[in-house]
Amino acid sequence: MKKYIQFIASTIIVFLSCIQGYSQLKFRQQMIAAESPESVGVFDVNGDKVLDIVSGSYWYKGPLYLDRHLITQLDHINEYHDDFSTIPIDVNGDGKIDYVTGGWFGKTLLWRENPGNDKEWKSHNIAETGNIETTRSWDVDGDGINEIVPNTPGNPLIYYTIKRENNKSTGEFTSTKVAEKQGHGLGFGDINGDGRGDFIVNNGWIEAPVDRMNQPWKMHNDFKLNEDGSVPIIVADVNSDGLNDLIVGHGHSYGLNWYEQKKEGKSIQFIKHPIDPFHSQYHTMEWVDIDNDGKMELITGKRYRAHNSGDPGFNDPLELSYFKWNGESFTKNVISYGEFGKGKGTGIYFSVADLRNTGKKDIILAGKDGLYIFFNE
């Protein structure tokens, strides 16, 4: 009965969203490959000033993305490719864009070196971290250069900084421990308004000290999120009241919520508001201005078969949507919806980029349901 009610409610929401979507953005869906890694990055691989797509064992040459080139043969374990992020960055300072990744099974954070030709890319270990759910990059120390932060449930929260000499990356990393343990779900942003970015974990927020590398970070248990939190947890001032709020998906169960920050003096509280309780596996999301109106939107959807067939709602229809703040709540605009083969999910790491230099941002998604571009028309 519960599943039936969820199905009816979900159908109504999709129907209403689709009606509204006719006056909203329209996307043209293009399949790039049937490969099933769950992460995709976008950057100029070969230096021709045209964006390419990098996903799993291959990169796809822009602007048509039909010409496929081998990067390396990935470990394939059960239904997974052990490759859970694609973070573009010139790690060794040679002017070519490399990328950082890591996996659950290999338990190793690594970067893959762009050879600048059709040779296979060499993998370099950064650290043995334990199981990596996925990885993100944020400017933790405020110097304008992003650090690498893996989400490693049950293991320490550590960020990694590229060593630089003469203002050039060296290919080596230093590590800074923030906390002895983290759970599933990770975000970064300024919670208390002191101008420094803090970490958000499922049992609170970790306040950044002035000297991030040498002073201790302070844990604040001001809230408790779900145990299967999204990566990332978005930190943003949703309702424009001057206080940063949180947007959190359930990565392995039903629900998508935002947490409104309320502050009295130094006391901080968060009030939970539902965005979409009817869909499952909201594992990843992006906070971008997708419609070029100067305001940010939330892009997210279902990670198809996140735990294979082990999650609630794993066999529900796939979905990709953007949510727009209307001043009181989020309005859902469906981009793709349907059973496997018709709808499209998000995977674990997706990208938003203007692939055609049209001034409109496109959405590029990988996953166990294939590699796709949604061109913003």
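Residues numbered from 1 in each chain as written. Predicted model: local features only at pLDDT ≥ 70, side-chain atom pairs only at ≥ 80, totals over all residues. Heavy atoms only, no water.

> Just checking my understanding: could you explain the sheet that holds strand 21 (residues 245-249) for this structure?
Within a sheet, adjacent strands bond to each other through the backbone by hydrogen bonds, running parallel or antiparallel. Strand order in this open sheet of 4 strands is 20-21-22-23, and the pairing throughout is antiparallel. Strands with a single pairing partner mark the edges of an open sheet, and in this sheet they are strand 20 (234-236) and strand 23 (267-274). Along the sheet, successive strands turn relative to each other by an average axial angle of 25°, direction set aside. One ladder, built from 4 bridges, connects strand 21 with strand 22 (residues 256-264); its direction is antiparallel. Residue pairing across strands places I247 opposite W258, the latter belonging to strand 22. (Pairing = 2+ DSSP bridges. Helix = DSSP H or I, 4+ residues; strand = E, 2+ residues; numbered from the N terminus. Axes fitted to C-alpha atoms, helices over the stretch in contact; angles between N-to-C directions.)

> It is not clear to me how unusual backbone geometry should be interpreted in this structure. Could you clarify?
Backbone geometry follows two general trends: most residues other than glycine have a negative phi, and most peptide bonds adopt the trans configuration. With an omega of 10°, the peptide bond running from G62 to P63 counts as cis. Following V231, the chain continues into P232 via a peptide bond in cis, with omega recorded as 10°. With respect to the helices and strands, the residue P232 is situated in the loop between strand 19 (218-220) and strand 20. Unlike most non-glycine residues, Y65 shows phi in positive territory, near 65°. Secondary-structure assignment places Y65 in the loop between strand 4 (58-61) and strand 5 (67-70). Phi at R305 takes a positive value of approximately 50°, unusual for a residue other than glycine. Following the sequence through the fold, R305 ends up in the loop between strand 25 (297-301) and strand 26 (318-325).

> What's the story with the sheet that holds strand 10 (residues 108-113) in this structure? I'm lost.
Spatially, 8-9-10-11 is the arrangement adopted by the 4 strands of the open sheet, whose pairing is antiparallel. Looking at which strands have only one partner, the edges of the open sheet turn out to be strand 8 (87-89) and strand 11 (122-128). Averaged over neighbouring strand pairs, the angle between their axes works out to 30° when direction is ignored. In this structure, strand 10 lies alongside strand 11, joined through 6 bridges in antiparallel fashion. Across the sheet, the residue bridging to L109 is A127, located in strand 11.

> Looking at this structure, I do not really get the pattern of salt bridges. What am I missing?
Side-chain pairs of opposite charge can arise where the charged atoms are in close proximity. On inspection of all chains with the given rule, the structure shows 22 salt bridges. Between D48 and K61 there is a salt bridge, with the nearest N and O atoms lying 3.8 Å from each other. Here the residue D48 occupies a position in the loop between strand 2 (41-43) and strand 3 (52-55), and K61 occupies one in strand 4, the gap between them amounting to 13 residues. Close ionic contact of D276 with K332 constitutes a salt bridge, the shortest N to O distance being 2.7 Å. With D276 in the loop between strand 23 and strand 24 (285-288) and K332 in strand 27 (residues 330-338), this pair connects stretches of sequence that are 56 residues apart. Each of R28, R356, D362 and E377 takes part in one network of salt bridges that share partners. (Salt bridge = Lys/Arg side-chain N within 4 Å of Asp/Glu carboxyl O.)

Nothing here speaks to function; it is all geometry.
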